[in-house]
Amino acid sequence: RVPAYCSGSEISVSVEHLKQHPDDTALLTHELTHAVQGYPVFEPSWLVEGIADYARQVYGPKQQPGWKLPEVLTPRQNFKDGYRTTGKFLLWLDDKHPGTVDKLHRKLQSREFAIDDFKEFTGKPVETLWEECVAAFGKK
């Protein structure tokens, strides 16, 4: 069972999850992001969920027991893995190219997102950006 989900502007949270993880209030940041996204179509899902985990990390709360973005990335992972992996990639991406996540978000809202938007916004294809991100967070 999923801990929580958002449908339109309604968020449902598992009582069982909250009983087992009473400090996991940040899951609401993730779900509230979905409510704010308001995308006509939640595709590509890897990016939609990645943006929500990016928002969870950026907008908090600061302390999130039992949850964090990966500290290390490997070539076996992919920017399309979604959730935390994509969230880590987007956090790195927005640090290197400020405003990129918001631009991607706006494209998703208007149903105009294309994978080439990464290149348009950063000057590099997403695969190259991912390689750079993995290099930055690879095993040291």
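Residues numbered from 1 in each chain as written. Predicted model: local features only at pLDDT ≥ 70, side-chain atom pairs only at ≥ 80, totals over all residues. Heavy atoms only, no water.

Novice: Looking at this model, I keep getting lost on the packing of aromatic side chains. Mind explaining?
Specialist: When we look at a pair of aromatic rings, we describe it by the centre distance and by the angle of the planes. For the structure on display, the rule yields nine aromatic pairs. Grouping aromatic residues by their ring pairs yields a cluster made of W46, F79, F89, W92, F113, F118 and W130. The ring of F137 carries the charged tip of K88 above its face, separated from the ring centre by 4.0 Å. (Phe/Tyr/Trp six-rings, centres within 6.5 Å; stacked < 30°, edge-to-face > 60°. Lys NZ or Arg CZ within 6 Å of the ring centre and 35° of its normal.)

Novice: Sorry if this is basic, but what is going on with the pattern of salt bridges here?
Specialist: Close approach of charged atoms allows side chains with opposite charge to pair. Per the counting criterion, the structure on display carries five salt bridges. A salt bridge links D102 to R106; the nearest nitrogen and oxygen atoms lie 3.6 Å apart. Note that D102 and R106 are positioned in helix 5 (residues 100-109) at a spacing of four residues, about one turn of the helix. The closest approach of N and O atoms between D117 and K107, which form a salt bridge, is 3.7 Å. With D117 in helix 6 (residues 117-122) and K107 in helix 5, the pair connects residues that are 10 residues apart, well separated along the chain. (Salt bridge = Lys/Arg side-chain N within 4 Å of Asp/Glu carboxyl O. Helix = DSSP H or I, 4+ residues; strand = E, 2+ residues; numbered from the N terminus.)

Novice: What's the story with helix 5 in this structure? I'm lost.
Specialist: Residues three or four positions apart in an α-helix share a direction because the helix packs 3.6 residues into each turn. For helix 5, the full list of buried residues reads T100, V101, L104, H105, K107 and L108. Angularly, the buried residues of helix 5 cover 160° about the axis, an arc narrow enough to put them on a single face. The secondary structure elements touched by the buried residues of helix 5 are helix 2 (27-37), helix 3 (45-59), helix 4 (83-96) and helix 6. (Buried < 20%, exposed > 50% of the residue type's maximum accessible area, 1.4 Å probe, protein only. Arc of directions from axis to C-beta. Contact = heavy atoms within 4.5 Å.)

Novice: Please clarify how the environment of L18 should be interpreted in this entry.
Specialist: Its place among the elements puts L18 in helix 1 (residues 15-20). As a C-alpha pair, L18 and V101 span 83 residues in sequence and 30 Å in three-dimensional space. Apart from the residues within four sequence positions on either side, L18 is in contact with V13, D24 and L27.

Novice: What should I look at first to understand the packing of helix 2 against helix 3 in this one?
Specialist: Angle between the axes and distance between the axes: these two values describe a pair of packed helices. Helix 3 packs onto helix 2 with a crossing angle of 125° between their chain directions and a minimal axis gap of 8 Å. In terms of orientation, helix 2 lies oblique with respect to helix 3. Here helix 2 and helix 3 pass one another in a crossing that is right-handed. Residues L27, T29, H30, T33, H34 and Q37 of helix 2 pack against V48, E49, I51, A52, D53, A55, R56 and Y59 of helix 3. A per-class count over the contact of helix 2 with helix 3 returns six nonpolar, five polar and three charged. (Axes fitted to C-alpha atoms, helices over the stretch in contact; angles between N-to-C directions. Parallel < 35°, antiparallel > 145°, perpendicular 65-115°, else oblique. Left-handed = near helix turned anticlockwise from the far one by under 90°. Nonpolar A, V, L, I, M, F, W, Y, C, P; charged D, E, K, R; others polar.)

Novice: When you look at the nonpolar core in this model, what are you seeing that I'm missing?
Specialist: If you look at soluble globular proteins, the nonpolar side chains tend to sit buried side by side. Of all hydrophobic cores here, the largest spans 23 residues; its most connected members are L47, I51, F89, L90, L93, L104 and F118. When contributions to this core are tallied by element, the ones reaching two or more residues are helix 3, helix 4, helix 5, helix 6 and helix 7 (126-137). Setting aside chain neighbours within four positions, we find L90 in contact with L47, G50, I51, Y54, V101 and L104. (Core = buried A, V, L, I, M, F, W, Y, C linked by side-chain atoms within 4.5 Å.)

Novice: Even after reading the chapter, I still don't get the side chain of K88, so can you show me in this structure?
Specialist: Tracing the backbone through its elements, the reader meets K88 in helix 4. Put simply, K88 is tucked away with no salt bridge, and the nearest opposite charge, on E71, sits 7.7 Å away. Separated by 3.3 Å, the side chain of K88 and the backbone oxygen of P70 make a polar contact. Setting aside chain neighbours within four positions, we find K88 in contact with L69, P70, E71, L73 and F137. (Lys, Arg positive; Asp, Glu negative; His and termini not counted. Polar contact = N/O pair within 3.5 Å; in protein donor to acceptor, adjacent residues only side chain to side chain.)

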